[in-house]
Amino acid sequence: MSKSVKNIAILASGAGSNAQKIIDYFSGRRDISVRLIVSNKQDAGVLNIARAAAIDTLIVTRNSFYSSTDLLAELDKHKIDFIVLAGFLWLIPPYLIQQYPDRIINIHPALLPKYGGKGMYGHFVHEAVHLAKDAYSGITIHFVNEKYDEGSIVFQDRCEILPSDQPEDIAKKVQILEHTHYPMVIDQLVSALTL
Ligand code: GAR
């Protein structure tokens, strides 16, 4: 018999504004559920968001994440079908990618392949875009592979940058795009999964 609910785990290490939007979007849905929030930071804001929504949380250490496959057992325990990275900055290890082929996605706050790679996250991205005087920035949602920001692209959208925009202004415009599109793209991908 096929499973009726598809379960998502969110991996996040920051404030968790995207996680919040995703949780809100799927609350009340019977077919898709956010079941687990995984973080590598004890004090990440996203953990408060998870607790407020009564979603299980898990803290991973660098050692457990890279030198064991303990996480797989936790994901299995929560019957996780799909993994969403929302501000999770560690490179995803091969054992996880092999267990979830084309079932791990990430959001990046720029138009990849520009401004990607190790160390390019959050405000560093917006500062680089600002320095380059680009006329546009945007978001990229992509499948995750063994390299930073190189998996195949699922979705992009862009926003205009005014000459007067500072990195914080770019960040705000990009965040609006993230909050608008990420939950819907996740919905499409998870809904299309055959279990
Ligand atoms: C988001 O802007 C996301 O695109 C970025 O981290 C932020 C997390 O914000 N991710 C990266 O830069 C990955 N390279 P949030 O904690 O408020 O969701």
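Residues numbered from 1 in each chain as written. Predicted model: local features only at pLDDT ≥ 70, side-chain atom pairs only at ≥ 80, totals over all residues. Heavy atoms only, no water.

## Description of the packing of helix H6 (residues 122-131) against helix H7 (residues 167-191)
The interhelical angle for the contact between H6 and H7, taken along N-to-C directions, is 115°, at an axis separation of 9 Å. In this structure, the crossing between H6 and H7 has a hand that is right-handed. The segment H6 lies against H7, with His126, Glu127, Val129 and His130 engaging Pro167, Ile170, Ala171 and Val174. Class assignment of the residues belonging to the contact of H6 with H7 gives a composition of 5 nonpolar, 2 polar and 1 charged. (Axes fitted to C-alpha atoms, helices over the stretch in contact; angles between N-to-C directions. Helix = DSSP H or I, 4+ residues; strand = E, 2+ residues; numbered from the N terminus. Left-handed = near helix turned anticlockwise from the far one by under 90°. Contact = heavy atoms within 4.5 Å. Nonpolar A, V, L, I, M, F, W, Y, C, P; charged D, E, K, R; others polar.)

## Some remarks on the environment of Gly138
Note that Gly138 resides in strand S6 (residues 136-143). Linking Gly138 and Leu177, residues 39 residues apart in sequence, is a C-alpha distance of 7.2 Å.

## Describing the pattern of salt bridges
A complete count under the given rule lists 5 salt bridges for this structure. In this structure, Arg29 and Asp187 form a salt bridge, with 2.8 Å as the shortest nitrogen-oxygen distance. Of this pair, Arg29 sits in the loop between helix H1 (17-26) and strand S2 (32-39) while Asp187 sits in helix H7, and the two are 158 residues apart along the sequence. Judged by its relative accessible area of 27%, Arg29 is partly exposed. Glu74 is the partner of Lys77 in a salt bridge, and the nearest nitrogen-oxygen pair spans 3.6 Å. One end of the pair is Lys77 and the other is Glu74, both in helix H4 (residues 70-77) and 3 residues apart, which spans about a single turn. Using a relative accessible area of 56% as the deciding quantity, one classes Lys77 as exposed. Salt bridges here are not isolated pairs; linked through shared partners, they connect Arg29, Asp31 and Asp187. (Salt bridge = Lys/Arg side-chain N within 4 Å of Asp/Glu carboxyl O. Buried < 20%, exposed > 50% of the residue type's maximum accessible area, 1.4 Å probe, protein only.)

## Focus: the packing of aromatic side chains
Applying the stated rule across the entire model yields 7 aromatic pairs. Aromatic side chains Tyr121 and Phe124 sit 5.2 Å apart centroid to centroid with 80° between the ring planes, which places their arrangement in the edge-to-face category. Look at Tyr121 and you get partly exposed, because its relative accessible area is 35%. Note on Phe124: relative accessible area 35%, which makes it partly exposed. Through a chain of ring-to-ring contacts, three or more aromatic side chains come together here, namely Phe65, Tyr66, Phe88 and Trp90. Over the aromatic face of Tyr136 sits the side chain of Arg158, whose NZ or CZ is 3.7 Å from the ring centroid. (Phe/Tyr/Trp six-rings, centres within 6.5 Å; stacked < 30°, edge-to-face > 60°. Lys NZ or Arg CZ within 6 Å of the ring centre and 35° of its normal.)

## Side note on the nonpolar core
Ranked by size, the top nonpolar core spans 39 residues in total, and within it Ile10, Val84, Ile105, Tyr182 and Ile186 carry the most contacts. No other element matches the 8 residues that H7 contributes to this core. Ala9, Leu75, Phe88 and Leu96 belong to the second largest nonpolar core, which has 22 residues in total. (Core = buried A, V, L, I, M, F, W, Y, C linked by side-chain atoms within 4.5 Å.)

## Looking at the site of the ligand
The local shell around the ligand holds 14 residues, among which Gly16, Ser17, Asn18, Gly122 and Glu178 are the closest. Within the backbone of Asn18, one N or O atom sits 2.9 Å away from an oxygen atom of the ligand. Protein chains bury 86% of the 450 Å² of accessible surface belonging to the ligand in isolation. When contributions to the shell around the ligand are tallied by element, the ones reaching two or more residues are H1 and strand S5 (104-108). Its residues assigned to classes, the shell around the ligand comprises 6 nonpolar, 7 polar and 1 charged. (Near = heavy atom within 4 Å. Polar contact = N/O pair within 3.5 Å; in protein donor to acceptor, adjacent residues only side chain to side chain. Areas by Shrake-Rupley, 256 points an atom, 1.4 Å probe, with all protein chains shown as cover.)

## A look at the sheet that holds strand S7 (residues 153-160)
Spatially, S3-S2-S1-S4-S5-S6-S7 is the arrangement adopted by the 7 strands of the open sheet, whose pairing is mixed. Each end of this open sheet is capped by a strand with a single partner; those strands are strand S3 (56-59) and S7. Averaged over all pairs of adjacent strands, the angle between their axes in this sheet comes to 20°, without regard to strand direction. One ladder, built from 7 bridges, connects S6 with S7; its direction is antiparallel. Within the sheet, the bridge partner assigned to Ser137 lies in S7 and is Cys159. Its contacts with the sheet put H1 on strand S1 (6-11), S2 and strand S4 (80-85), and the angle it makes with S2 is roughly 160°. Across the sheet, helix H2 (residues 45-52) touches S2 and S3, and the angle it forms with S2 is around 145°. (Pairing = 2+ DSSP bridges.)

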